[in-house]
Structure formats: C-alpha cells, structure tokens
Amino acid sequence: MARHHDLPTDAGTMPCIEALPPSDTKGAAVVVHEAYGLTSHIESICDRLAAAGWRTIAPALFHRQDSPVFSYDDYQGAKPVLAKLTAEGLAADIDAALDRLAEAGHSPGGSGIVGFCMGGAVAFHSAVRRPLGAAVTFYGGGVAHGRFGLPPAVDVASRLQAPWLGLYGDRDKSISVEEVEALRASAAEAPVPTTVVRHPQAGHGFNCDDRSSYDPSSAADAWARTVAFLDHHLS
C-alpha cells in the first residue's frame, strides 16, 4: 500500500511515504519517524494505519541533510543529522505534510499525528502548536529537557490543543518514570483529553520489531490503544 514520492517545500524537495486504505477511508494521519529516518519500520507503520482505514503520510524530516536512513545500531551516525534539526524546520515539515492531507480532503483538525522516539516528541509539540484532531506519542523524549530548540514537554503540556495519548516504557533508560509522571500531571491541566500509559516491561523503542528492545506484548497493547484513540477522536 505504501508508496514513496517527493513533496515540494520552501526548503526543497522532501521525500515522503504515503499509504492509502484499501477501501473506505476513516481519516488521515501524519506518521513521524524516529531518529533513524524513513526506515522500513516506519513504512510498515504507514501500511498498518492504512489497513486500519487511515490515509497516512510520513515526511522525511532529514531532507535538509539529503534524507539519510540509519540502522538501529548507528545512533552515533545519526547524531550529527539530529544536531541540525530546528523547531522551525520541524514545524514547517509537519505543516507541509498536513497541507498534503488537506489537499486530499482531510482538514488538520480532522487529522491525527503519530510519532515514535524523536518523532514522538515532534508529534507532541505539533499538538501543542496546532489544534489537530488527535496526537499519539510513542516514547517521545525531551520531557524534562527540550531538544531541537523546543521547550521541555513538561513545561508546555498544559497547552496541548489536541487530544493526546502518550505511550512509555518503565524500563526506558532515556525517559524516567518520574519524568513520565510529571508529564502526566502537566498534560492533565490541558483543555483537551489526555492519557498517559506506562508499560512496565518495556524499554525505549518497544514498538519497533527491528530493534532489540522490541517487546511484543507491550507493542500489541500500545498499537491497539493507538487505533482505538484515533477511531474515537477522528472517526
């Protein structure tokens, strides 16, 4: 179902993966990749969401650095590319993807955003910045300390403009349980529904079956919650 194409932006051509449902379309969602680029795992996420009825688009947020894709054991290789990301560039790229969905008949307010790892943080901040239909964060970092010029998530969670679901693993060495609970408390003050789910047996990247940290039971639970969340808020 997924296909690759290029999306024009003010900063040049941005590669994307786009997937269409096989029959009726419930709505649309932007999929935001991890720190490793548009991997085959992100393509599979687009396919799975499309199979569940959602038109999806995954923009290559590294397009200003020629859209590299890294293996999951090469975080050191990805670091120089990550260091060049900016809040302004990320916002522009997400907006371009949402514009693409709008051209297909899906308004931003009727579209969701689902992000993983680095993309989980981008999805969260997109929901702070814009009144989207729904947002889902899988183990997004930057909770207590901001990244890419973005503020710490805990400082702005009360300003969420979209219903938000946060999915975290208690064994995540980069995001502590204390940070997750602080984020839960801050998000509860937002004027939209928010839910934070902790998976006791999961570490960082638990949803990705291409990573050693993959946890099938946690991944299955988180995926079911994601689809149900989109169904509830966007259908």
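Refer to the structure printed above.
A brief report on the enclosed structure follows. Just so we're clear, the structure is a prediction, and the values are computed from it rather than from any experiment. All residue numbers refer to positions counted from 1 along the written sequence of the respective chain. Selection of residues for local features in this predicted model requires a pLDDT of at least 70, selection of side-chain atom pairs for listing and counting requires 80 or more, and totals for whole chains, interfaces and linings are taken over all residues. The side-chain values count all of the structure's non-hydrogen atoms but skip hydrogen atoms and water molecules.

1. As for the overall build of the protein
Counting from the N terminus, the helices are DSSP H or I runs at least four residues long and the strands are E runs at least two residues long. Helices and strands together make up the secondary structure of the protein, namely 7 helices and 8 strands. Throughout, the radius of gyration refers to the C-alpha atoms, and the reference size of a globule is 2.2 Å times the residue count to the power 0.38. Computed over C-alpha atoms, the radius of gyration of the protein comes to 16 Å, within 12% of the 18 Å expected from 2.2 N^0.38 for 235 residues, which places it in the range of a compact globule. The buried share of the protein, taken over its 235 residues, is 56%. Here, two residues are considered to be in contact whenever any of their heavy atoms come within 4.5 Å of each other. Contacts in the protein between residues far apart in sequence, at least 24 positions, make up 72% of those at least 6 positions apart. Surface accessibility in these figures is a Shrake-Rupley result with a 1.4 Å probe; residues are shielded only by whichever protein chains are displayed. For the protein, the accessible area works out to roughly 9,400 Å², and carbon and sulfur atoms hold 50% of it. His is not counted, nor are the chain ends, whereas Lys and Arg count as positive and Asp and Glu as negative. Every charge is mapped onto a representative atom, which is NZ of Lys, CZ of Arg, CG of Asp or CD of Glu. Seen as two clouds, the 18 positive and the 27 negative side-chain charges of the protein have centres 2 Å apart. Residue exposure (1.4 Å probe, protein chains only): buried if accessible area is under 20% of the type maximum, exposed if over 50%, otherwise partly exposed.

2. Focus: the sheet that holds strand 1 (residues 2–9)
In spatial order, the strands read 1-2-4-3-5-6-7-8; together these 8 strands make up an open sheet with mixed pairing. This sheet does not close on itself; its edge strands, each paired only once, are strand 1 and strand 8 (194–199). Each neighbouring strand pair of the sheet contributes to a mean axis angle of 20°, computed without reference to strand direction. By the bridge criterion, 4 bridges tie strand 6 (residues 134–138) to strand 7 (residues 164–169) in an arrangement that is parallel. The partner of Phe138 across the bridge, within strand 7, is Leu167. Strands are labelled as partners when DSSP assigns at least two bridges between them. Where helices are involved, their axes are fitted lines through C-alpha atoms of the stretch in contact, as for all axes, and angles between N-to-C directions lie from 0 to 180°.

3. Describing the side chain of Gln65
If you trace the backbone, Gln65 turns up in the loop between strand 4 (54–59) and helix 2 (75–82). If we skip the residues at most four places from it in the chain, Gln65 touches Val81, Lys84 and Leu85.

4. Side note on the packing of aromatic side chains
Two aromatic rings from Phe, Tyr or Trp, using only the six-membered ring of Trp, form a pair when their centres are within 6.5 Å; if the ring planes differ by under 30 degrees the pair is stacked, by over 60 it is edge-to-face, and anything between is tilted. According to the stated counting rule, one finds 7 aromatic pairs in the structure shown. Put simply, the rings of Phe116, Phe138, Tyr139 and Phe206 touch in pairs and so form one group of aromatic residues. For a ring to carry a charge above it, either NZ of a lysine or CZ of an arginine must fall within 6 Å of the ring centroid while also lying within 35 degrees of the normal to the ring plane. The ring of Trp223 is capped by Arg48, whose NZ or CZ atom sits 4.0 Å from the centre of that ring.

5. Looking at helix 3 (residues 87–103)
Spanning 17 residues, helix 3 covers 24 Å between terminal C-alpha atoms, matching the ideal 24 Å at 1.5 Å per step. Buried residues of helix 3: Ala87, Gly89, Leu90, Ala91, Asp93, Ile94, Ala96, Ala97, Leu98 and Leu101, and no others. The elements touched by buried residues of helix 3 are strand 1, strand 2 (12–19), strand 3 (27–32), strand 4, strand 5 (111–116) and helix 4 (118–129). Among the residues trailing helix 3, Gly105 stands out with phi positive, at a value near 100°. In a helix, the anticipated span is given by 1.5 Å times the number of residues less one.

6. A short note on the layout of surface pockets
A water-sized probe, rolled over the atoms, reveals where empty space remains. Computed from the structure, the largest pocket encloses a volume of approximately 370 Å³. Points on a 1 Å grid, built from protein atoms alone, make a cavity when a 1.4 Å probe fits but cannot get out and make a pocket when they are open with protein on both sides within 12 Å along at least 5 of 7 lines; residues with an atom within 4 Å of a point are the lining residues. As for the largest pocket, its lining consists of 20 residues, and the residues nearest its centre are Tyr75, Cys117, Arg147, Ser174 and His204. Nonpolar residues are Ala, Val, Leu, Ile, Met, Phe, Trp, Tyr, Cys and Pro. Charged residues are Asp, Glu, Lys and Arg, and all others, Gly as well, are polar. Looking at side-chain class alone, the lining of the largest pocket contains 10 nonpolar, 6 polar and 4 charged residues. Grid points are joined across faces, edges and corners, and a volume is the space filled by probe spheres set on the points. One number sums up the size of the second largest pocket: a volume of about 170 Å³. What lines the second largest pocket is a set of 13 residues, and nearest its centre among them are Ala87, His125, Ser126, Arg129 and Leu150.

7. Regarding the pattern of salt bridges
Whenever a carboxyl oxygen of Asp or Glu lies within 4 Å of a side-chain nitrogen of Lys or Arg, that contact is scored as a salt bridge. Taken as a whole and judged by the stated rule, the model has 12 salt bridges. One network of salt bridges, with partners in common, ties together Arg3, Glu18, Arg55 and Arg100.

8. Points about the packing of helix 3 against helix 4
Between helix 3 and helix 4, the shortest axis-to-axis distance is 11 Å and the interhelical angle comes to 80°. Relative to helix 4, the element helix 3 lies roughly perpendicular. Counted together, Leu90, Ala91, Ile94 and Asp95 of helix 3 and Val122, Ser126 and Arg129 of helix 4 form the full contact between these two elements. Across the contact of helix 3 with helix 4, the residue classes tally to 4 nonpolar, 1 polar and 2 charged. Here roughly perpendicular refers to angles of 65 to 115 degrees, roughly parallel to angles under 35, roughly antiparallel to angles over 145, and oblique to all remaining angles.

9. Digging into unusual backbone geometry
The backbone phi angle of Ser67 is positive, close to 55°, even though this residue is not glycine. Positionally, Ser67 belongs in the loop between strand 4 and helix 2. Note on Ser67: relative accessible area 23%, which makes it partly exposed. Even without a glycine there, the phi angle at Cys117 is positive, about 60°. For Cys117, the location among the structural elements is in the loop between strand 5 and helix 4.

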